[in-house]
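The lines below spell out each chain.
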Amino acid sequence: MSDLTELTALELRERIAAGEAGAEEATRAYLGAIERREPAVAAYNQVLADRAIEQARAVDARRAAGEAPGALGGVPVALKDNLCTTYGRTTCSSKILADFRAPYTATAVARLEQAGAVVLGKTNLDEFAMGSSTENSGVAPTRNPWATTRVPGGSSGGSAAAVAARMCAAALGSDTGGSIRQPAAFCGVVGLKPTYGRVSRYGLVAYGSSLDQIGPLTRDVSDAALLTGVIAGHDRRDSTSVPRDVPDYLAALDAPSDGLRVGLPAEFYSEALDPEIHQAIHHAAGVYENAGAEIVDVTLPHSRIDVDDDGALSSYAVACYYIVAMAEASSNLARYDAAHYGHRTAETCGDIVELYSRSRAEGFGAEVKRRIMLGTYTLSAGYYDAYYDKALKVRRLIKNDFDAAFERCDVLLCPVSPTTAFRLGEKIADPLTMYLADIYTISVNLAGLPGLSLPAGLSRDGLPIGMQLVGPVFHEETVLRAARLYEQASGVTRLAPALVQA
Amino acid sequence: MSQTIDADRVRHIGKLSRIELSDEEVRTFRRQLAAILEHFGKLQELDTEGVEPMAHAVELHNVLADDEPGESLSPDEALANAPARDGDFFRVPKVIGDSQ
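Values in this document were obtained by computation on a predicted structure and should not be read as measured data. (Residues numbered from 1 in each chain as written. Chains lettered and ligands numbered in written order. Predicted model: local features only at pLDDT ≥ 70, side-chain atom pairs only at ≥ 80, totals over all residues.)

1. Topic: the overall build of chain B
Moving on, step 1. Scanning chain B from N- to C-terminus turns up three helices and two strands.
Moving on, step 2. Taken from N to C terminus, the helices and strands of chain B fall in the order α-α-α-β-β.
Moving on, step 3. Here chain B has a C-alpha radius of gyration of 22 Å; the compact-globule value for 100 residues is 13 Å, and the former is much larger. (Helix = DSSP H or I, 4+ residues; strand = E, 2+ residues; numbered from the N terminus. Rg over C-alpha atoms; globule rule 2.2 N^0.38 Å.)

2. Quick look at the overall build of chain A
Moving on, step 1. Scanning chain A from terminus to terminus reveals 16 helices and 13 strands.
Moving on, step 2. Relative to a compact globule of 502 residues, whose C-alpha radius of gyration would be 23 Å, chain A shows 21 Å and is just as compact.
Moving on, step 3. Reported as C-alpha extents along the three principal axes, the dimensions of chain A are approximately 65 × 60 × 45 Å.
Moving on, step 4. Counting across all 502 residues of chain A, residues that qualify as buried make up 64%.
Moving on, step 5. By sequence separation, contacts in chain A at least 24 residues apart represent 76% of the contacts at least 6 residues apart. (Buried ≥ 20, exposed ≤ 12 C-beta atoms within 10 Å, placed from the backbone. Contact = placed C-beta atoms within 7 Å.)

3. Remarks on helix α3 (residues 49–64) of chain A
Residues and elements named next belong to chain A.
Moving on, step 1. Compared with the 22 Å implied by 1.5 Å per residue over 16 residues, the 22 Å span of α3 between its first and last C-alpha is a close match.
Moving on, step 2. Among all positions of α3, only Ala52, Gln55, Ala56, Val59, Asp60 and Arg63 are buried. Angular distribution of buried residues about the axis of α3 spans 140°; they occupy a single face of the element. Summarising the geometry of α3, the exposed residues directed more than 90 degrees from the buried face are Asp50, Ala61 and Ala64.
Moving on, step 3. The secondary structure elements touched by the buried residues of α3 are α1 (9–17), α2 (23–41), β2 (76–80) and β3 (118–123).
Moving on, step 4. In the segment just after α3, Gly66 is the residue with positive phi, at about 90°. (Expected span 1.5 Å × (residues − 1). Arc of directions from axis to C-beta.)

4. Section: the domain arrangement of chain A
All names here are of chain A.
Moving on, step 1. For chain A, the domain assignment lists domain 1 (4–255 + 451–500) and domain 2 (313–393).
Moving on, step 2. Put simply, the middle of domain 1 and the middle of domain 2, counted by C-alpha atoms, are 28 Å apart.
Moving on, step 3. If you look at the interface, domain 1 gives 20 residues, while domain 2 gives 17 residues. (Domains from an automatic or database assignment.)

5. A closer look at the interface of chain A and chain B
Moving on, step 1. Counting residues at the interface gives 57 residues for chain A and 42 residues for chain B.
Moving on, step 2. Listing elements by their share of the side of chain A that touches chain B, those giving two or more residues are α10 (316–332), α11 (352–363), α12 (366–378), α13 (385–405) and α14 (431–435) of chain A.
Moving on, step 3. Top element by residues in the side of chain A that touches chain B is α13 of chain A. It accounts for 12 residues.
Moving on, step 4. Looking at the side of chain A that touches chain B residue by residue, the class counts come to 33 nonpolar, 11 polar and 13 charged. (Nonpolar A, V, L, I, M, F, W, Y, C, P; charged D, E, K, R; others polar.)

6. A few points about helix α5 (residues 157–164) of chain A
Residues and elements named next belong to chain A.
Moving on, step 1. In terms of residue burial, α5 counts as a mostly covered element, since eight of its eight residues are buried.
Moving on, step 2. All of the buried residues in α5 are Gly157, Gly158, Ser159, Ala160, Ala161, Ala162, Val163 and Ala164.
Moving on, step 3. One or two residues past the end of α5 sits Arg166, with phi positive at roughly 55°.

7. Remarks on the nonpolar core
Residues and elements named next belong to chain A.
Moving on, step 1. Ranked by size, the top nonpolar core spans 181 residues in total, and within it Val77, Cys168, Cys320 and Ile323 carry the most contacts.
Moving on, step 2. Three or more residues apiece are contributed to this core by two domains, here domain 1 (4–255 + 451–500) and domain 2 (313–393).
Moving on, step 3. Sequence-distant contacts of Cys168, that is, excluding residues within four places in its chain, are made with Tyr30, Pro76, Val77, Ala78, Leu120, Ala162 and Val163.
Moving on, step 4. Ala338, Ala339, Leu355 and Tyr356 belong to the second largest nonpolar core, which has five residues in total. (Core = buried A, V, L, I, M, F, W, Y, C linked by C-beta atoms within 7 Å.)

8. Examining the environment of Leu48 of chain A
Residue and element names in this part refer to chain A.
Moving on, step 1. Note on placement: Leu48 falls in the loop between β1 (44–47) and α3.
Moving on, step 2. When the C-alpha positions of Leu48 and Leu120 are compared, they lie 5.5 Å apart, and in sequence the two are 72 residues distant.
Moving on, step 3. Sequence-distant contacts of Leu48, defined by excluding residues within four places in its chain, comprise Tyr87, Gly88, Val119, Leu120 and Gly121.

9. Things to note about the sheet that holds strand β5 (residues 190–193) of chain A
Residues and elements named next belong to chain A.
Moving on, step 1. Here we have 11 strands laid out as an open sheet, ordered β1-β3-β2-β4-β6-β5-β12-β13-β11-β7-β8, and mixed in their pairing. Two strands close off the open sheet at either side, each with one partner strand: β1 and β8 (294–298). Going from strand to strand, the sheet's axes swing by 30° on average, the running direction of each strand aside.
Moving on, step 2. Relative to β3, β1 is paired through three bridges, and the arrangement is antiparallel. By the bridge assignment, Gln46 is partnered in β3 with Lys122.
Moving on, step 3. Docked against the sheet, helix α9 (residues 275–290) engages β7 (261–265), β8, β11 (411–415), β12 (451–458) and β13 (464–470), running at close to 55° with respect to β13. (Pairing = 2+ DSSP bridges. Axes fitted to C-alpha atoms, helices over the stretch in contact; angles between N-to-C directions.)

10. Digging into the confidence of the model for chain B
Moving on, step 1. In this model, chain B carries an average pLDDT of 90, and 93% of its residues clear a pLDDT of 70 or more.
Moving on, step 2. Scoring the predicted complex yields pTM 0.97 and, for the interface, ipTM 0.94. (pLDDT = per-residue confidence, 0-100.)

11. Observations regarding the pairing of strand β4 (residues 170–175) of chain A
Residues and elements named next belong to chain A.
Moving on, step 1. With respect to burial, β4 is a largely interior element, six of its six residues being buried.
Moving on, step 2. With burial as the criterion, each face of β4 is covered, one bearing Ala170, Leu172 and Ser174 and the other bearing Ala171, Gly173 and Asp175.
Moving on, step 3. Taken together, the three bridges between β2 and β4 define a ladder with parallel strand orientation. Its bridge partner lying in β4, Leu79 is registered against Leu172.
Moving on, step 4. Both β4 and strand β6 (residues 213–218) contribute to a ladder of five bridges, which runs antiparallel. Across the sheet, Leu172 pairs through a bridge with Pro216, a residue of β6.

12. Details of the packing of α12 of chain A against helix α2 (residues 23–40) of chain B
Moving on, step 1. Look at α12 of chain A against α2 of chain B: their axes get within 11 Å of each other, and the N-to-C directions meet at 55°. By the criterion of interaxial angle, the relationship of α12 of chain A to α2 of chain B is oblique. Like other packed secondary-structure pairs, α12 of chain A and α2 of chain B cross with a definite hand, here right-handed. Seen from α12 of chain A, the contacting residues are Arg370, Met373 and Leu374 of chain A; seen from α2 of chain B, they are Phe29, Gln32, Leu33 and Ile36 of chain B.
Moving on, step 2. The class makeup of the residues in the contact of α12 of chain A with α2 of chain B is five nonpolar, one polar and one charged. (Parallel < 35°, antiparallel > 145°, perpendicular 65-115°, else oblique. Left-handed = near helix turned anticlockwise from the far one by under 90°.)

Printed below as a string of structure tokens:
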């Protein structure tokens, strides 16, 4: 029998449902892959082997009893470690939550498990999902399976690396400013950030509450459709989740895409973009054109990227995004008070403010401190109007640009990141340079739109190049269908790094 | 709107944020926060006169529920991660006193 870890989630589910493979057999195959590759990649914070085997045996027992194993029956998955689970720890890769055991399970996770998925473990991230390389992890940096001297992207770097290295069939991540799409691009996998409100955020540790969304990282577009269908839907525990029917995303993939209009935002194709990525996306536009789609030039003026004489980048969208995200973060992370849960300093404190301040100083890493401090500052008296209120107005302008663009096209074709995976240590010393790695993904969160990253080939250096498809709110079907069209026409799919042959 | 951030201001922000800062952190953060705030200042180039601020991307509505008791955490579950507890209470140093 072929290696079960090479199958997509959908193929594995079919094999298990047909009795051609066992859930336990598949789970053991993945645990074996983790044992072999994890020392080089460091994708997992925690592997829950015993529990996974038990879950898999339960799936096999259900199938033996004649029950249907479920939409993800026996499929081994990984969870970003900012998704709460009553089992294992939920650490957010932060020292402040190093021993935290959540009292409830995130709705998206519960839905995966109800569909028969087997949870292999919790994956590494930039602390509290704040970062674009997974180097801000309080545990250790994750390595890119395509080149272990390079970052996997972030913040869902552990999930993306685990999917690419065949250390899980699929994974969940979260995306506040690109944290699913950018690591998916760096690791050569598919990542979908659904529309804000499409997936319940209940049990997702909050970072930027008006931006955060949970979504899948997978080997191909069908699996992204499959997992999104399982986790989407209204949840009374998240009042921002939208009471709206969940379409059959998998069935929607095969609907014809006649007359598809693909928009190219002029502002994104500038000197800021790596020429090889530019070329790959130009090629992708040609693939759409050959498939009968119409290519439309559109404009997103407030998402434009400026390059000064010294080559330094700047962007309204980056400024707007970081003001909003940091303001929300400073408020959300006020809950780490060393009283209810989380790290408390071992030193004796005279009063409660000292207890807060010292415990937080010991528990948070540098990037989290920077974001809390900047958020606190921009919300403070005298600065609120100049920063926070101004950013909310610019956010409206950014969204208006997308609304106008979608009057002329069905889906936008964009880069995911200005470069392919960069080297560990390359950007970590300069936070602003790291923030500018997000120039093509953050506007999508500000506007609440669905965005999907999929592989568009490899660079001359053998690193994955990603491309991004963005649709109007709740048009996941359009985005997925456009992604499938490219995937089938180009044959670029299920990219495997050399590391998985070893 | 170029902001000069001096060490005292960084310490003040640290205090508001309830994060104790070492002298070395004050030095590093001063430089980094100044660069980031300067980039934030770019927004001042844009005319936003008459633009409605947008706090959320998707229209939000109040969600009302009937006032009925539902499932909740038991005291033991709620206290399971507490750094210190005293019976059914979270234990902390004294709150009222000479702190500001």
